[in-house]
Amino acid sequence: MTQLALVIDLNVCVGCHACVTSCKEWNTSGSAGPLYDENPYGADPTGTFFNRVQTYEIGEFPNSETLHFPKSCLHCEDPPCVPVCPTGASYKRKQDGIVLVDYDKCIGCKYCTWACPYGAREIDEKQQVMKKCTLCVDRIYDMTMPEADRKPSCVKACPTSARLFGDIHDPESVVSKAIREDGGYALMPEWGTHPANHYLPRRKTHIKIHQDELERADNPLKVDRQLPKPGKGESSMEDVSAW
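Right, let's walk through the structure included here. Every value quoted in this text rests on a predicted model; they were computed, and no experiment measured them.

The secondary structure content of the protein amounts to seven helices and nine strands. Burial status across the protein gives 39% buried among its 243 residues. Within the protein, contacts between residues separated by at least 24 positions form 56% of all contacts whose residues are at least 6 apart in sequence. As displayed, the protein offers around 14,600 Å² of accessible surface, 54% of which is attributable to carbon and sulfur atoms.

Below is the structure:
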């Protein structure tokens, strides 16, 4: 059975939020929209998003790093949000494994929100129905679009190609190869939901910098030793001008 999903490479995600804004733009005017923002700013903001990027600081200074973590519905193979829905509004499609919500049946009871261990569903405060990522189901099957564009909006928008899309049950698909070759993992597997979306882990990159790379070779004054040289670890005006 086909299982469409996203694979997100945390090693190259830069937290630019292009996926968030592109998702919002496409879906607010698509079959899942509109996505209201009654009070998007302030102490108690409200707003409906299918995709969010959370940023964390890992470790302690000076050995710290920043992690950008995109999160949306994981389209679980055994979704806990489906059986708890009293009206059958939440369902999983057999043909592609996408988990969707039928807004005509949803009564906004929030049972699915409580059942989801990933916090991937959000209530639309104006329509009072639950909304979530659809993998742009109204886009990926649109035959009027060029084949290259028949991908989720977030995948098309990512400037670093951190987001991959495909069938994880197809061993030759780009997502299956990424999971297999780059150590892809599912989020919180202990819940037994078998998330379809996977993440590729952060990888340490070691860079060797040679001594001659620490000075600008194209500066004639520095070549001729006519500039005052700051001490080791001290900043210089040249550093400031390079910002």
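With that settled, consider the environment of Ala 178. Residue position: Ala 178 is located in helix α5 (residues 174-181). Measuring from C-alpha to C-alpha, the distance between Ala 178 and His 198 comes to 9.5 Å, with 20 residues separating the pair along the chain.

This next bit is on the side chain of Ser 153. Note on placement: Ser 153 falls in helix α4 (residues 153-157). In contact with Ser 153, other than residues within four places in its own chain, are Ser 22, Cys 23, Trp 26, Cys 136 and Arg 139.

Let us look at the environment of Ser 90. As for its position among the elements, Ser 90 is in strand β4 (residues 90-92). Its relative accessible area of 5% is what places Ser 90 among the buried residues. Here the alpha-carbon distance between Ser 90 and Val 101, two residues 11 residues apart in the chain, equals 4.6 Å. Those residues in contact with Ser 90, other than ones at most four positions away along the chain, are Cys 81, Val 82, Cys 85, Leu 100, Val 101, Cys 112 and Arg 121. Among the polar contacts made by the side chain of Ser 90, one reaches the side chain of Arg 121 at a distance of 2.8 Å.

The next point concerns helix α1 (residues 18-28). For α1, the full list of buried residues reads Ala 18, Cys 19, Val 20, Ser 22, Cys 23, Lys 24 and Asn 27. Where α1 is buried, its residues touch β2 (51-60), α4 and β8 (163-167).

Our focus in this paragraph is the state of the cysteines. A complete count under the given rule lists zero disulfides for this structure. Cys 81 carries a free sulfur, and the closest cysteine sulfur to it, the one in Cys 73, is 6.3 Å from it. Just so you know, Cys 116 is unpaired, no disulfide at all, and the nearest cysteine sulfur is the one on Cys 81, 6.5 Å from it. Accessibility expressed as a relative area gives 15% for Cys 116, which makes it buried.

Let's shift gears to the packing of aromatic side chains. A complete count under the given rule lists three aromatic pairs for this structure. When the ring of Tyr 111 is compared with that of Trp 114, the centres are 5.6 Å apart and the planes differ by 40°; the resulting orientation is tilted. Here the residue Tyr 111 and the residue Trp 114 both occupy positions in helix α2 (residues 111-115), the gap between them amounting to three residues, near one helical turn. Its relative accessible area of 42% is what places Tyr 111 among the partly exposed residues. One aromatic cluster is present, built from ring pairs that chain together Phe 69, Tyr 185 and Tyr 199.

Further remarks concern the sheet that holds strand β1 (residues 4-9). What the three strands build is an open sheet, ordered β8-β1-β9; its pairing is mixed. Edge positions in the open sheet fall to β8 and β9 (198-200), since each of these has one partner strand only. Sheet twist, expressed as the mean angle between neighbouring strand axes with direction ignored, is 25°. Looking at chain direction, β1 and β8 are connected through five bridges and run antiparallel. Looking across to β8, one finds that Val 7 is bridged to Leu 164. In the packing of α5 onto the sheet, the strands contacted are β1, β8 and β9, and the crossing angle to β8 comes to about 115°.

Rules used in this analysis
- Residues numbered from 1 in each chain as written.
- Predicted model: local features only at pLDDT ≥ 70, side-chain atom pairs only at ≥ 80, totals over all residues.
- Heavy atoms only, no water.
- Helix = DSSP H or I, 4+ residues; strand = E, 2+ residues; numbered from the N terminus.
- Buried < 20%, exposed > 50% of the residue type's maximum accessible area, 1.4 Å probe, protein only.
- Contact = heavy atoms within 4.5 Å.
- Areas by Shrake-Rupley, 256 points an atom, 1.4 Å probe, with all protein chains shown as cover.
- Polar contact = N/O pair within 3.5 Å; in protein donor to acceptor, adjacent residues only side chain to side chain.
- Disulfide = S-S within 2.5 Å.
- Phe/Tyr/Trp six-rings, centres within 6.5 Å; stacked < 30°, edge-to-face > 60°.
- Pairing = 2+ DSSP bridges.
- Axes fitted to C-alpha atoms, helices over the stretch in contact; angles between N-to-C directions.

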